[in-house]
Amino acid sequence: MIPYGRQDISQEDIDAVTTVLKSDYLTQGPTVPLFEKTVSNYCGVKYAVAVNSATSALHIACLALGVGKGDIVWTSAITFVASANCALYCGATVDFVDIDARTYNMSLDCLEAKLIDAEKNAKLPKVVIPVHLCGQPCDMEKIYQLSLRFGFKIIEDASHAIGSKYKGEPVGKCTYSDITVFSFHPVKIITTGEGGIAVTNDEQLAKHMGLLRSHGIVNNKYEMQSRPANEIWNYQQIDLGFNYRMSDIQAILGVSQMKRLNEFVARRQAIANRYDRELQGLYITTPWQLEDSTSAYHLYPIRNKNHSQGSSQRHVYLGLQANGINANIHYIPVYRQPYYEAMGFNPGHCPEAELYYRETLSLPIYPKLSDEEQTKVIESLRIIYS
Ligand SMILES: *Cc1c(COP(=O)(O)O)cnc(C)c1O
């Protein structure tokens, strides 16, 4: 089976991991700070806090921004559930903004209209979490302007978008947001096995997230609260945190993978460009590229534009399966998940998201996808749509 995505692990990656396995520290050693520095340098951002998943990063990002009971968080209707669950972990409520029909990201028109409405009802969100779906950056400058007008904070869920550029700058620079989060799950652009990172230009946010990552414990004497002089404690818990730490084993894999990030992204873009060219003329819509930005193409979604009986999304999906190709749907609108429906969300909450969900399939795209495999995908689609 040709999957829709998979990791690319080199001998150099394996050697790097072996070095750490033979070293003094498997966790809480020097490699996590090295990985943080590598990512923050790449993004041109001041601080980075590496954790065990992007889900954890989203959670501590929400907490650091003060999200709690009684607060409201908004995210895009089309995303992975973690973009919304992070708000629920903090006891906040969550709502969804419909997507843009062209970019598939949160629609700025819908966002603005919803904000105007929410202001009237005194139900403005504390935090908005735009998602750079498939790697395509959201128009962050406009979202930032709305944040100034309506007073919300911004977390970019860039789980798909390390290596993407917005107006010539790397996603993760946080020019228009408080915090940006990346995922290093094996299916994403680079991997640490499991892992994530939160980056920010705000020292206080970085400190707070660092504290929450590791039990709320400090161990340097400047941060400890004063105690009798004869005590010989070497750490104190000053907040309620978690064990969300990344291990040095994971971090060194990340350091090694970062060396090939540009190469990975270039290969993904080449695959996307070939799909763009060779799927012309079929009854599908290929992804639309925002001006002034480039996508790292974590995903390549096609939209099936033939709704007649024989050419449903299901028909295309099964046709690809029969040829040994595993397409996938990214994603069912989050509010259509049973857990969210039980909270009272109704089907049809976001009409554009519903349509996207019914039409879209993610085609295989990953650095190790060979030209021959891609040819097979393209030819299979030509036959399915003939
Ligand atoms: C993968 C993903 C996450 C969660 O990442 P993990 O590292 O697996 O926790 C969050 N948001 C989006 C949009 C994702 O695709």
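The model shown is predicted, which means the values in this text are computed figures rather than measured ones.

Cut-offs used in this document
- Residues numbered from 1 in each chain as written.
- Predicted model: local features only at pLDDT ≥ 70, side-chain atom pairs only at ≥ 80, totals over all residues.
- Heavy atoms only, no water.
- Helix = DSSP H or I, 4+ residues; strand = E, 2+ residues; numbered from the N terminus.
- Rg over C-alpha atoms; globule rule 2.2 N^0.38 Å.
- Buried < 20%, exposed > 50% of the residue type's maximum accessible area, 1.4 Å probe, protein only.
- Contact = heavy atoms within 4.5 Å.
- Areas by Shrake-Rupley, 256 points an atom, 1.4 Å probe, with all protein chains shown as cover.
- Lys, Arg positive; Asp, Glu negative; His and termini not counted.
- Charge placed at Lys NZ, Arg CZ, Asp CG, Glu CD.
- Polar contact = N/O pair within 3.5 Å; in protein donor to acceptor, adjacent residues only side chain to side chain.
- Phe/Tyr/Trp six-rings, centres within 6.5 Å; stacked < 30°, edge-to-face > 60°.
- Lys NZ or Arg CZ within 6 Å of the ring centre and 35° of its normal.
- Pairing = 2+ DSSP bridges.
- Right-handed = clockwise from strand over helix to strand, strands pointing away.
- Axes fitted to C-alpha atoms, helices over the stretch in contact; angles between N-to-C directions.
- Near = heavy atom within 4 Å.
- Nonpolar A, V, L, I, M, F, W, Y, C, P; charged D, E, K, R; others polar.
- Core = buried A, V, L, I, M, F, W, Y, C linked by side-chain atoms within 4.5 Å.
- Disulfide = S-S within 2.5 Å.

Caption draft 1: A look at the overall build of the chain. Scanning the chain for helices and strands turns up 13 helices and 15 strands. At 22 Å, the chain has a C-alpha radius of gyration in line with the 21 Å of a compact globule built from 386 residues. Counting over 386 residues, the chain shows a buried share of 55%. Here the contacts in the chain between residues at least 6 apart in sequence split such that 73% fall between residues at least 24 apart. Looking at the chain as shown, the accessible area adds up to about 17300 Å², and 51% of this sits on carbon and sulfur atoms. Mean positive and mean negative side-chain charge positions of the chain (36 and 40 charges, respectively) differ by 1 Å.

Caption draft 2: Looking closely at helix 3 (residues 54–64). Of all 11 residues in helix 3, nine are buried; the element is thus mostly enclosed. Within helix 3, the full set of buried residues consists of Ala54, Ser56, Ala57, Leu58, His59, Ile60, Ala61, Cys62 and Ala64. With a side-chain oxygen lying 3.3 Å from the backbone nitrogen of Thr55, the N-terminal cap of helix 3 falls on Ser53. Once helix 3 ends, the next one or two residues include Gly66, with phi positive near 85°.

Caption draft 3: Spotlight on the side chain of Thr192. Mapped onto the elements, Thr192 comes out in the loop between strand 8 (179–183) and strand 9 (196–200). A polar contact is formed between the side chain of Thr192 and the backbone oxygen of Glu194, at a distance of 2.7 Å.

Caption draft 4: Examining the packing of aromatic side chains more closely. Using the criterion set out here, one finds 14 aromatic pairs in the structure. Aromatic pair Tyr275 and Tyr300: ring centres 4.8 Å apart, planes at 35°, arrangement tilted. Highlighted residues: Tyr275 in helix 9 (residues 261–278) and Tyr300 in strand 14 (residues 300–304), separated in sequence by 25 residues. Like Tyr300, Tyr275 is buried. Members of the aromatic cluster, connected to one another through ring pairs, are Phe96, Tyr335, Tyr339, Tyr340 and Phe345. The ring of Trp288 has Arg102 lying over it, and the distance from NZ or CZ to the ring centre is 3.9 Å.

Caption draft 5: Broad picture of the pairing of strand 2 (residues 72–76). Counting buried residues in strand 2 gives five out of five residues, a clear majority hidden from the surface. When strand 2 meets strand 3 (residues 93–97), the two strands line up parallel, connected through five bridges. Residue pairing across strands places Ser76 opposite Val97, the latter belonging to strand 3. Remark: the strand 2/helix 4 (residues 82–89)/strand 3 crossover connection has right-handed handedness. As paired elements, strand 2 and strand 4 (residues 127–129) share three bridges and run parallel to each other. Note that in strand 4 the partner of Thr75 across the bridge is Ile129.

Caption draft 6: Geometry of the sheet that holds strand 2. On the basis of which strands lie adjacent, the open sheet formed by seven strands has the order 1-9-8-5-4-2-3 and mixed pairing. Two strands close off the open sheet at either side, each with one partner strand: strand 1 (47–51) and strand 3. Across the sheet, the mean angle from the axis of one strand to that of its neighbour is 20°, orientation sign disregarded. Sheet topology note: the strand 4/strand 5 (residues 153–157) ladder contains two bridges and is parallel. Bridge assignment links Val127 to a residue of strand 5, and that residue is Lys153. Where helix 3 meets the sheet, it contacts strand 1, strand 4, strand 5, strand 8 and strand 9, and its direction lies at approximately 165° from that of strand 8.

Caption draft 7: Fine view of the site of the ligand. Of all residues adjacent to the ligand, which total 15 residues, the nearest are Thr55, Asp157, His160, Ser183 and Lys188. Ala54 is positioned such that a nitrogen or oxygen atom in its backbone is 2.9 Å from an oxygen atom of the ligand. A distance of 3.2 Å separates an oxygen atom of the ligand from a polar side-chain atom of Tyr331. Burial of the ligand by the protein chains amounts to 93% of its free accessible area of 380 Å². Elements represented by at least two residues in the shell around the ligand include exactly helix 3 and helix 4. Among the residues making up the shell around the ligand, the classes are represented as five nonpolar, eight polar and two charged.

Caption draft 8: Fine view of the nonpolar core. Of all hydrophobic cores here, the largest spans 47 residues; its most connected members are Phe96, Ile129, Ile155, Ile179, Val181 and Met209. Of all the elements in the fold, those that place two or more residues in this core are strand 1, helix 3, helix 4, strand 3, strand 4, strand 8, helix 7 (203–213) and helix 12 (351–359). Counting residues per element, this core draws most heavily on helix 3, which supplies seven residues. Excluding residues that lie within four positions of it along the chain, Ile179 makes contacts with Ala61, Leu65, Ile154, Ile155, Glu156, Cys174, Ala198, Val199, Thr200, Leu205 and Met209. Formed by 31 residues, the second largest nonpolar core is a distinct cluster that contains Cys43, Ile162, Ile197 and Leu261.

Caption draft 9: Representation of the state of the cysteines. Applying the stated criterion across every chain yields a total of zero disulfides. Unpaired in terms of disulfides, Cys138 finds its nearest cysteine sulfur in Cys134, a separation of 11 Å. Free cysteine Cys174: the closest other cysteine sulfur is in Cys43, separated by 7.8 Å. According to the relative accessible area criterion, Cys174 is buried, its value standing at 6%.

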